[in-house]
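# Structural features, examined
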Amino acid sequence: MEQGDPPLEIERYENQLPVVGETGQEKLADSSAAVVGLGGLGSPAATYLAAAGVGQLVIIDGDSVDKSNLNRQILYRPEDVGAKKADVAKARLSSFNPSIEVSAIGERVTKGEVQLPETDLIVGAVDNFETRHLLNEIAVARGIPYVHGAVEGLNGVLTVVLPGQTPCLNCILPRNVDRKVAGHTTGGVTGVIGGLMANEGIKFLSQAGDVAAGYLLTCDLGHLEFDRIHLERNPNCEVCGNLF
Ligand SMILES: [Zn+2]
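For clarity, every value in this text was computed on a predicted model and none was experimentally measured. (Residues numbered from 1 in each chain as written. Predicted model: local features only at pLDDT ≥ 70, side-chain atom pairs only at ≥ 80, totals over all residues. Heavy atoms only, no water.)

A few words now on the nonpolar core. Side chains of nonpolar character tend, in soluble globular proteins, to be buried together. Leu38, Leu49, Ile59, Val123 and Met197 are the most contacted members of the largest nonpolar core, which totals 44 residues. The element that contributes the greatest number of residues to this core is helix 7 (residues 187-206), accounting for six residues. If we skip the residues at most four places from it in the chain, Met197 touches Leu41, Val123, Gly124, Ala125, Val147, His148, Gly149 and Leu158. Ile105, Leu134, Ile138 and Cys171 belong to the second largest nonpolar core, which has 24 residues in total. (Core = buried A, V, L, I, M, F, W, Y, C linked by side-chain atoms within 4.5 Å. Buried < 20%, exposed > 50% of the residue type's maximum accessible area, 1.4 Å probe, protein only. Helix = DSSP H or I, 4+ residues; strand = E, 2+ residues; numbered from the N terminus. Contact = heavy atoms within 4.5 Å.)

Following this line, the structure appears as structure tokens:
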């Protein structure tokens, strides 16, 4: 923490202080994270990052709330239908934890349109590969972690890209391969994966535990089977190949 910062709210965080430590809690307060996508994954991811006391959250989504979002996008209520997700989420997260700073961008992150503010970490909670790859490229260029999560049906995956240390998203899923995702799922699945994404961010920022680096965690929630797939970097990767 810096001189002049308000003291930590010890009572609010007393349940996690034995886990992250007081130093870790101070690191969280001094940290910033961008959560891109405020849907099924972004709702729990942003909520738990806010709950943990990450000092600055940048939340980004260009969509408005639709009634069909409500089975899984827990930031929103029926009365929010039609409102911009970024605005509703900012209000909800700010009232949930008034000691953090939340800034909202109500636009899609498309190349050249939204300048992603500098943060310590990017959480990619989006539903399309184009944006995932764009976020991966930004994270690699900035040398900051990229937390990648995705769901489909009763399945989910998670990995953390640490530029220069692990394979990047483009190493494992080259962007020139066309992939379509329907994204149909339940709120339980997005809750599990979104919660894991937040926890990876919390672990990295507070330096508690080891993040999911260098492997893909696969979660078959239909059969409750979890596995790790070791990831190999592509030495010719056009995104991260020059870092090794
Ligand atoms: Zn790569």
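Inspection of the secondary structure assignment puts Leu221 in the loop between strand 7 (215-220) and strand 8 (225-230). On the accessibility criterion, Leu221 (18% relative accessible area) is buried. Once the C-alpha coordinates of Leu221 and Asn234 are considered, the two residues, 13 residues apart in sequence, prove to be 30 Å apart. With residues near it in sequence (within four places) discarded, Leu221 still touches Leu154, Val189, Val192 and Phe226.

Below, the discussion takes up helix 5 (residues 129-142). With 14 residues, helix 5 should reach 20 Å at 1.5 Å per residue; the first-to-last C-alpha distance of 20 Å fits that figure. Of the surrounding elements, those touching the buried residues of helix 5 are strand 1 (32-36), strand 4 (122-124), strand 5 (146-152), strand 6 (155-161) and helix 6 (169-172). If you check the start of helix 5, you find a side-chain oxygen 3.3 Å away from the backbone N of Glu130, and it comes from Asn128. (Expected span 1.5 Å × (residues − 1). Polar contact = N/O pair within 3.5 Å; in protein donor to acceptor, adjacent residues only side chain to side chain.)

Attention now moves to the side chain of Thr166. Its place among the elements puts Thr166 in the loop between strand 6 and helix 6. The contact partners of Thr166, leaving out residues within four places of it in the chain, are Val160, Val161, Ala213, Gly214 and Phe244.

With that settled, the discussion passes to the coordination of the zinc ion. The coordination sphere of the zinc ion contains the protein donors Cys168 (SG), Cys171 (SG), Cys237 (SG) and Cys240 (SG), at a distance range of 2.3 Å. Classification of the site at the zinc ion as tetrahedral follows from its four donor atoms and the range of 95 to 124 degrees in their angles at the metal. The motif formed by the donor residues of the zinc ion, counted along the single chain, is C-x2-C-x65-C-x2-C. Taken together, the positions of Cys171 in helix 6 and Cys237 in the segment after strand 8 put the pair 66 residues apart, joining distant regions of the chain. An identical accessibility class is assigned to Cys171 and Cys237; each is buried. (Donors = N, O, S within 2.8 Å, 3.2 Å for Na, K, Ca; no water. Tetrahedral: all angles 85-135°; square planar, octahedral: opposite > 155°, others 65-115°.)

Through backbone hydrogen bonds, the strands of a sheet pair up, either in parallel or in antiparallel fashion. Taken together, the eight strands give an open sheet; going across it, the order is 3-2-1-4-5-6-7-8, and neighbouring strands pair in mixed fashion. Strand pairing shows two members of the sheet lacking a second neighbour, strand 3 (101-105) and strand 8, which therefore form its edges. Sheet twist, expressed as the average angle between the axes of neighbouring strands with direction ignored, equals 15 degrees. Against the sheet, helix 5 contacts strand 1, strand 4, strand 5 and strand 6, and its axis sits at roughly 165 degrees relative to strand 5. (Pairing = 2+ DSSP bridges. Axes fitted to C-alpha atoms, helices over the stretch in contact; angles between N-to-C directions.)

Within the secondary structure layout, Val126 lies in the loop between strand 4 and helix 5. The sequence separation of Val126 and Arg72 amounts to 54 residues, and the corresponding C-alpha distance is 14 Å.

Residues other than glycine seldom take positive phi values, yet Gln207 does so here, at roughly 60 degrees. Of note, Gln207 is situated in the loop between helix 7 and strand 7. Classification of Gln207 by relative accessible area gives exposed; the value is 60%. Within the chain, Leu224 stands out as a residue other than glycine whose phi angle is a positive 55 degrees. Within the element layout of this structure, Leu224 appears in the loop between strand 7 and strand 8. Taking the relative accessible area as the measure of exposure, Leu224 reaches 63% and is therefore exposed.

Moving on, we get to the pairing of strand 7. Along strand 7, five of the six residues are buried, which leaves the element largely enclosed by surrounding structure. Taken together, the six bridges between strand 7 and strand 8 define a ladder with antiparallel strand orientation. Its bridge partner being in strand 8, Cys219 is matched across the sheet by Phe226. Counted between consecutive antiparallel strands, the loop separating strand 7 from strand 8 contains four residues, among which Leu224 sits at a positive phi close to 55 degrees.

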